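Structure assessment
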Amino acid sequence: MNTPLYHLQQVEKVYDGRSVLHIEELSVYAGEILALVGPSGVGKSTLLRLLNFLERPTRGSITFRGRKFDGQEEVPLAERRRATTVFQRPFLLNRSVRANVAYGLRLRGQYDGEQQVADVLQRVGLQDVADQNARTLSGGEAQRVALARAIILQPDVLLLDEPTANLDPYNVNLIENIVRQMNETQQMTIVLVTHNVFQARRLAHRVTLLLNGRVIETAPTETFFNTPHDARTAAFVRGDMVY
Amino acid sequence: MGLILSGDPSLTEVVVLSLRVSGTALLISTLIGIPIGAVLGLRRFVGRPFVMALLYTGMGFPPVVIGLLVYLFLSRSGPLGQIEAGWIPRLFTPEAMILAQSVIAIPLVAGFTMAAVLGVDPQLQLQARALGATPWQATFTTLAEARVGVIIAIVAAFGRIIAEVGAVMLVGGNIDGRTRVLTTAVVLETRKGNFDLAIALGITLIGLAFVINTTVLLLQRQVSR
Ligand SMILES: Nc1ncnc2c1ncn2[C@@H]1O[C@H](COP(=O)(O)OP(=O)(O)OP(=O)(O)O)[C@@H](O)[C@H]1O
Ligand SMILES: [Mg+2]
């Protein structure tokens, strides 16, 4: 737990002159599950986009695997491909489920992944709809396809943006189990954005509370929920945070 | 009708030339129009509104005026007519007709492609990059998502140029056995009073248009599904 995979310093993101994220310091350690919690609009998704190098910080630097990127230079493709995101809404391609799951492999020039695709589909319980068009899936199935096409890439870092929002308990449980498994068996680092404090409690090793683009507190899950340092964390955990 | 069924040689010749000219023009305009449409649909750059305005103007431009412009460019006293180079088509050749039809079709292909690409959720680009796509791959993914619209663009452009008369008449000259295509042949045969042949040509043209429009309709049904 002592090698930070990511280290953020004075990272700021400004949209149209408005600063939506300002993180003085934040580390993500290799092999951990870090939950990001906080009310709507505090910059959780923005932070994930920065961690996946989909956008550059306006100021500050992100050190990833010992290499410092300060928003000026392009992050090399090979580094960018070590992380992938499952977004809040699954953007599936208008193709078969199978083709959607194989998409990331294809991007990497790998065309012989049939067995891998079959295995991953099995894992998310979608082997029966493999040839169905992905646009015709139910919400839960679609989100599982989104997860499947991410984990098939065996990324070092899996960024999850509310992967179980609006899902039923069956799908929530299935997705949580896969996430936990990926972390335990492959030491996959996972950053999980969630509105659901119970989910953070179930899955995460550490939890970070964001408010108005700033880190309020980062603590091991136990501490975060039982003996938080900040009064705002205590309020958030009790569920009587006013936003 | 007998003329079509018996495969009258002069009719066959005209049909083949029509398909060759419009087919080549379509290929050229597809290769140029799709990248233009994709860039306009996906990238924000200085001068984009201006290029879009140009494109819309081009889409609505009367083909005969494009024919006139191509004619002026290629004529002896025109800017291109004075240059002796193999790649510049001479007036009254199929190549000149291909050029005119390409100029007519490029804005159509580009415009419809742009519309199709704009119809794809911009978040898809982000998702593609998150899964490891290079900018090129992300662009290609969007085009693939817009594929039905892109095919409609191509088919619609083909329908427009194969049915076009004015421009090919001007730059091709409707020379028997050399630059006579379906539309110009209809005009000529009607004037000569050869109604049988004119009708046979007309039916062939309608048949082609029918196939093309049916294809578009079927594809559009698939899009809205
Ligand atoms: N591309 C953008 N352009 C302008 N403003 C943006 C952009 N993306 C995000 N924002 C703004 O940044 C702020 C943070 O957005 P973000 O999506 O990161 O919040 P969030 O914490 O993920 O919220 P939620 O829990 O509702 O998903 C919001 O006020 C949002 O309007
Ligand atoms: Mg969000």
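Scroll up to find the structure.
Please read these numbers as outputs of a predicted model, since none were measured by experiment.

**Notes on the interface of chain B and chain A**
In this assembly, 17 residues from chain B lie in contact with 25 residues from chain A. Buried area between chain B and chain A, summed over both chains or domains, comes out near 1,800 Å², and the portion from carbon and sulfur atoms is 51%. When the buried area of chain B at its contact with chain A is split by residue, Gln 127, Leu 131 and Glu 145 of chain B rank highest and sum to 35% of it. The tally of links between chain B and chain A comes to two salt bridges. Here Arg 89 of chain A and Asp 121 of chain B are joined by a salt bridge, their closest N and O atoms 3.6 Å apart. Inspection of the region where chain B meets chain A yields 13 residue pairs in polar contact (both at pLDDT 80 or more). Every element with two or more residues in the side of chain B that touches chain A is listed here: α6 (123-130) and α7 (135-145) of chain B. Of the residues forming the side of chain B that touches chain A, the biggest block, seven residues, is contributed by α6 of chain B. Along the lines of polarity and charge, the residues of the side of chain B that touches chain A split into seven nonpolar, six polar and four charged.

**Here's the deal with the coordination of the magnesium ion (ligand 2)**
Each donor-metal-donor angle in an ideal tetrahedron of four donors is 109.5 degrees, and each such angle in an ideal octahedron of six donors is either 90 or 180 degrees. Residue and element names in this part refer to chain A. Protein ligation of the magnesium ion (ligand 2) involves Ser 45 (OG) and Gln 88 (OE1), the donor distances falling in the range 1.9 to 2.6 Å. Pair noted here: Ser 45 is in helix α1 (residues 44-51) and Gln 88 is in the loop between β6 (83-86) and α3 (97-107), with a separation of 43 residues, a long-range link. Using a relative accessible area of 42% as the deciding quantity, one classes Gln 88 as partly exposed.

**Here we look at the packing of aromatic side chains**
Following the criterion strictly, the structure yields six aromatic pairs over all chains and no others. With a centroid separation of 5.6 Å and 70° between ring planes, the pair formed by Phe 53 of chain A and Phe 69 of chain A is classed as edge-to-face. In this pair, Phe 53 of chain A sits in the loop between α1 and β4 (59-64) while Phe 69 of chain A sits in strand β5 (residues 67-69), placing the two residues 16 residues apart along the sequence. Ring geometry for Tyr 71 of chain B and Phe 92 of chain B: centres 6.2 Å apart, planes at 70°, overall edge-to-face. In this pair, Tyr 71 of chain B sits in helix α4 (residues 63-74) while Phe 92 of chain B sits in the loop between α4 and α5 (94-118), placing the two residues 21 residues apart along the sequence. An aromatic cluster is defined as three or more aromatic residues linked by ring pairs; in this entry it consists of Tyr 6, Phe 53, Phe 64 and Phe 69 of chain A.

**Description of the nonpolar core**
Judged by nonpolar contacts, the single largest core of 104 residues is most densely connected at Val 97, Val 101, Leu 137, Leu 147, Leu 158 and Leu 160 of chain A. Considering each element in turn, this core owes the most residues, 10 residues, to α5 of chain B. Among all residues touching Leu 137 of chain A, those that are not within four sequence positions of it are Leu 92, Val 97, Val 129, Gln 132, Ala 142 and Val 145 of chain A. Of all hydrophobic cores here, the second largest spans 27 residues; its members include Tyr 6, Leu 36, Val 42 and Leu 210 of chain A.

**Observations regarding the site of ligand 1**
All names here are of chain A. Around ligand 1, the surrounding shell holds 15 residues, and the nearest of these are Ser 40, Gly 41, Lys 44, Ser 45 and Thr 46. A distance of 2.8 Å separates an oxygen atom of ligand 1 from a polar side-chain atom of Lys 44. In this structure, Thr 46 approaches ligand 1 through a side-chain N or O atom, which is 2.6 Å from an oxygen atom. Bound to the protein, ligand 1 loses 68% of the 640 Å² it would expose on its own. Mapped onto the shell around ligand 1, the elements with two or more residues apiece are β2 (18-29) and α1. Top element by residues in the shell around ligand 1 is α1. It accounts for four residues. Grouping the amino acids of the shell around ligand 1 by side-chain chemistry returns three nonpolar, seven polar and five charged.

About the thresholds
Residues numbered from 1 in each chain as written. Chains lettered and ligands numbered in written order. Predicted model: local features only at pLDDT ≥ 70, side-chain atom pairs only at ≥ 80, totals over all residues. Heavy atoms only, no water. Contact = heavy atoms within 4.5 Å. Buried area = accessible area lost by both parts, 1.4 Å probe. Salt bridge = Lys/Arg side-chain N within 4 Å of Asp/Glu carboxyl O. Polar contact = N/O pair within 3.5 Å; in protein donor to acceptor, adjacent residues only side chain to side chain. Helix = DSSP H or I, 4+ residues; strand = E, 2+ residues; numbered from the N terminus. Nonpolar A, V, L, I, M, F, W, Y, C, P; charged D, E, K, R; others polar. Donors = N, O, S within 2.8 Å, 3.2 Å for Na, K, Ca; no water. Buried < 20%, exposed > 50% of the residue type's maximum accessible area, 1.4 Å probe, protein only. Phe/Tyr/Trp six-rings, centres within 6.5 Å; stacked < 30°, edge-to-face > 60°. Core = buried A, V, L, I, M, F, W, Y, C linked by side-chain atoms within 4.5 Å. Near = heavy atom within 4 Å. Areas by Shrake-Rupley, 256 points an atom, 1.4 Å probe, with all protein chains shown as cover.

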